[in-house]
Amino acid sequence: MSSLNLLFFVLIFTALPHPFVSKLEGIDVLLDRLDSKRVNSSVQESAAKAVLQRLLPTHVNSFQFKIVSKDVCGGSSCFLIDNYKRTSQNEPEITIKGTTAVEITSGLHWYIKYWCGAHVSWEKTGGFQIVSVPKPGSLPHVTDGGVKIQRPVPWNYYQNVVTSSYSYVWWEWERWEKEIDWMALQGINLPLAFNGQEAIWQKVFMNFNVTMEDLNDFFSGPAFLAWARMGNLHGWGGPLAQNWLNQQLVLQKKIVSRMLELGMTPVLPSFAGNVPAALKKIFPSANITRLGDWNTVDRNPRWCCTYLLDPTDPLFVEIGEAFIKQQILEYGDVTDIYNCDTFNENTPPTNDTNYISSLGAAVYKAMSEGDKDAVWLMQALLHSVPLGKMIVLDLFADVKPIWRTSSQFYGAPYVWCMLHNFGGNIEMYGILDSIASGPVDARVSENSTMVGVGMCMEGIEQNPVVYELMSEMAFRNEKVQVLEWLKTYAHRRYGKAVPEVEATWEILYHTVYNCTDGIADHNTDFIVKFPDWDPSLLSGSAISKRDQMHALHALPGPRRFLSEENSDMPQAHLWYSNQELIKGLKLFLNAGNALAGCATYRYDLVDITRQALSKLANQVYMDAVIAFQHKDASAFNIHSQKFLQLIKDIDELLASNDNFLLGTWLESAKKLATNPSEMIQVRTASIFLL
């Protein structure tokens, strides 16, 4: 889980002394500079056409795409949809213009959604519903004079630094191409591009006389790279094979290249200060501190307690500059926006605000030495960074917006972000009202410094309704009326209007998608927790009380001594009536005949059923706990058997849909292995991560 404590820490201790800045500085200059880095119009038009070819190959000649200047859009980014003035049957039917290829593909998505009733989601959440798109030659016309949709803010940001490990660590180019297509259709124009950075670091650190053996202790294995990059651990699940390093760099170049072709601005990593332990021996006079434990196994120093280079040490800027320059050498001059957070889930070695300030200054200086126009994108506000050279991510604005309590981040530009997902869990959850109104409230507020919207989930491929609505907010000037929007969403997602389905979505809106209690770690169902007590330890006089307690403490996680009636009862997070959800499930089941064979319906049916059964299991578990504490063996046995049966039922349910299978994750990991030792490594790592 991303640490929000650091965000508040930095705001409190470094932001307050700085006077409020009345206007945004440098954003227009930055936008112009990024525009100048874009590939030419013909490349972008071809890239947009290729997205269409992959999405609707039968309609590739039905659309005309054209890049236009921002002047056509009043100086900002937009797309325009119009009817093509046909003189023959062989000509296009619809013209879509945009300031970049992303605007064009966003316009394509907007058109097939709102004129053709189509739906686009991740393949793992049901995929596309494009059956409703009329055949070529029969596409519906838009309003006379066309449609113009303008971005209210420049950027639509995407990803979290840990998404790599929770969701796409095992992806090959085929899957990445689909993801970038999805991003383009959703209007994302500012994505993180963090793949392959270990290959860059290998080259950089070797120039500082660090050996590959030293780096084996620094890099984690593939599944844990997100936390190694953040300096939370080192070496765990490793080492990284040279084949992996090479493979990921090639993949990253493809990813960045495709992002550029579509007019996106990739956000590249930068140096946060974490270094290999060997650097202390190579540079004995360097000021290097060992950090405390994160959440590593047994606090073992073999894995925990990483090394941080002091920001005042000359090596800090030297290494950081070398990293930026090596990236430019590999990818070209493709961006000016970089991301890193030194204490993401880590505790600073000191509470001295001067240290935090000097660290921020050193991180930015290293960036700017490598790229004189560098801008730092991060989730905290540091006033040691020059004005106009930092963009803040209001990371958890969907639940706890910081812009409201920080005077618009004291004048710094910021991105309104939806965090939504922690730990890659797939529970049905969301706050649709917040998404539909929060970005608009922030943008129109007095002295607003909002420059973008963003999706910063830790894991993807879940709750597609949440991400479709959030993506639309990049193009919405006004708040969305959620219930009305959901009716059209349900129609698009399943390809037809079904009354029972509409009624189900109204229930979902008032239940699972209406979590307003501010609790972030919402998936605490007992069915997904490790068992933490073994009642069989009570049977048999040979086992002493001390041995029982020792066995309990040997298990991972917090202990619950359920044999004691006065102990705290375990709590699961439930913010709605499960009976209401079950009512919705019954309605949804009744729509089955009307939606037979619809992949999106089948996915949602499994998901809603899983959600209902998981919450039901919480109550059954509590009944078993109460029976156990009351020494009611008969009731305990009944409730225990019910709980175990629910586990079996859910397992059987999830086995009915490939998108919920563990094997899909494991197979994608094994496909990247090139020899038996790598096969063992990825198999072990992928299971451990889950």
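Keep in mind it's a predicted model, so treat the numbers as computed, not measured. (Residues numbered from 1 in each chain as written. Predicted model: local features only at pLDDT ≥ 70, side-chain atom pairs only at ≥ 80, totals over all residues. Heavy atoms only, no water.)

Undergrad: So what's going on with the overall build of the protein chain? Which residues, and what values?
TA: Tallying secondary structure elements over the protein chain gives 24 helices and 15 strands in all. Out of the 690 residues belonging to the protein chain, those deemed buried represent 58%. Taking as baseline every contact in the protein chain between residues at least 6 positions apart, the subset at least 24 positions apart corresponds to 75%. With an accessible surface of roughly 28,300 Å², the protein chain has 53% of that area assigned to carbon and sulfur atoms. (Helix = DSSP H or I, 4+ residues; strand = E, 2+ residues; numbered from the N terminus. Buried < 20%, exposed > 50% of the residue type's maximum accessible area, 1.4 Å probe, protein only. Contact = heavy atoms within 4.5 Å. Areas by Shrake-Rupley, 256 points an atom, 1.4 Å probe, with all protein chains shown as cover.)

Undergrad: Can you tell me about the confidence of the model for the protein chain, naming the residues and giving the values?
TA: Per-residue pLDDT for the protein chain averages 90, and the proportion of residues at 70 or more is 89%. In the predicted structure, residues 1-22 sits below a pLDDT of 50 and forms 53 contacts with residues beyond four places in sequence or in another chain. (pLDDT = per-residue confidence, 0-100.)

Undergrad: Residues and numbers for the state of the cysteines, please.
TA: Within the structure shown, the criterion is met by two disulfides. Between the sulfur atoms of Cys73 and its disulfide mate Cys78 the distance is 1.9 Å. Between Cys73 and Cys78, the disulfide has an S-S torsion of -55° and is therefore left-handed. With respect to burial, Cys73 and Cys78 carry one shared label: buried. Here Cys304 is linked by a disulfide to Cys305, with a sulfur-sulfur distance of 2.3 Å. On the sign convention where negative is left-handed, the bridge of Cys304 and Cys305, at about -70° about the S-S bond, is left-handed. Taken individually, Cys304 and Cys305 each receive the classification buried, so the pair is uniform in this respect. In the protein chain, numbering the disulfide-bonded cysteines from first to last in sequence yields the connectivity 1-2, 3-4. The thiol of Cys456 is not disulfide-bonded; the next cysteine sulfur, from Cys417, is found 3.4 Å away. Judged by relative accessible area, Cys456 falls into the buried class, the value being 1%. (Disulfide = S-S within 2.5 Å.)

Undergrad: Account for the pattern of salt bridges, naming residues and giving values.
TA: Per the stated rule, a full pass over the model turns up 34 salt bridges. The salt bridge partner of Asp373 is Arg33, with a shortest N-O separation of 3.6 Å. In this pair, Asp373 sits in the loop between helix H13 (353-370) and strand S12 (375-378) while Arg33 sits in helix H2 (residues 27-36), placing the two residues 340 residues apart along the sequence. What makes Asp373 buried here is its relative accessible area of 18%. The shortest N-O distance in the salt bridge between Glu198 and Arg229 comes to 2.8 Å. With a gap of 31 residues between them, Glu198 in helix H7 (residues 197-206) and Arg229 in helix H9 (residues 225-229) connect regions that are remote in the sequence. You'll find Glu198 and Arg229 in the same group, each marked buried. Residues joined in a network through salt bridges with shared partners are Arg33, Lys37, Asp333, Asp336, Lys372 and Asp373. (Salt bridge = Lys/Arg side-chain N within 4 Å of Asp/Glu carboxyl O.)

Undergrad: Quick rundown of the sheet that holds strand S3 (residues 94-98)? Include the residues and the values.
TA: The strand order S1-S3-S2-S4 describes an open sheet built from four strands, whose pairing is mixed. Because the sheet does not close on itself, it has two edges, and the strands there are strand S1 (63-67) and strand S4 (147-150). Between one strand axis and the next, the sheet turns by 15° as a mean value, whatever way the strands run. As defined by bridge partners, strand S2 (residues 78-83) adjoins S4 across four bridges and the pair is classed as antiparallel. Counterpart to Ile81 in the pairing with S4 is Val147. This element, helix H4 (residues 101-114), spans S1, S2, S3 and S4 of the sheet and lies at about 50° to S2. (Pairing = 2+ DSSP bridges. Axes fitted to C-alpha atoms, helices over the stretch in contact; angles between N-to-C directions.)

Undergrad: Can you tell me about the packing of helix H6 (residues 173-185) against helix H10 (residues 242-261), naming the residues and giving the values?
TA: The axes of two packed helices give the description: the angle between them and the distance between them. Contact geometry of H6 with H10 gives a least axis separation of 11 Å together with a crossing angle of 25°. Regarding the angle of H6 to H10, the classification is roughly parallel. Crossing of H6 over H10 shows right-handed handedness. Residues Trp173, Trp176, Glu177, Ile180 and Met183 of H6 form the contact with H10, whose own contacting residues are Leu251, Lys254, Ile255, Arg258 and Met259. Of the residues in the contact of H6 with H10, the class split is seven nonpolar, no polar and three charged. (Parallel < 35°, antiparallel > 145°, perpendicular 65-115°, else oblique. Left-handed = near helix turned anticlockwise from the far one by under 90°. Nonpolar A, V, L, I, M, F, W, Y, C, P; charged D, E, K, R; others polar.)

Undergrad: How would you explain the nonpolar core if you had to name every residue and give the values?
TA: In terms of nonpolar packing, the biggest core is built from 200 residues, with Trp155, Ile319, Trp376 and Trp505 touching the most fellow members. Sort the elements by how many residues they give to this core and H10 lands first, with eight residues. Once residues lying within four places of it in the same chain are set aside, the contact partners of Ile319 are Trp201, Val204, Phe205, Phe208, Phe271, Val275, Leu279 and Leu309. Grouped together as the second largest cluster of nonpolar side chains are 15 residues, Tyr603, Val620, Val625 and Phe660 included. (Core = buried A, V, L, I, M, F, W, Y, C linked by side-chain atoms within 4.5 Å.)

Undergrad: I'd love a proper account of the pairing of strand S13 (residues 390-394), names of residues and values included.
TA: On a regular strand, each side chain points to the face opposite its neighbour's, so the side chains alternate between the two faces of the sheet. Most of S13 is tucked away, with five of its five residues classed as buried. Residues Met390, Val392 and Asp394 of S13 are buried on one face, and the alternating residues Ile391 and Leu393, pointing to the opposite face, are buried as well. Alignment of S12 against S13, held across three bridges, turns out to be parallel. Bridge pairing in S13 links Leu377 to Ile391. Bridge analysis of S13 against strand S14 (residues 414-418) gives three bridges, and the strand direction is parallel. Opposite Asp394, over in S14, you have Trp416 as the bridge partner.

Undergrad: Quick one: what's the story with the environment of Gln641, residue by residue and with numbers?
TA: Relative to the helices and strands, Gln641 resides in helix H22 (residues 633-654). Gln641 gets classed as partly exposed once you look at its relative accessible area, which sits at 46%.

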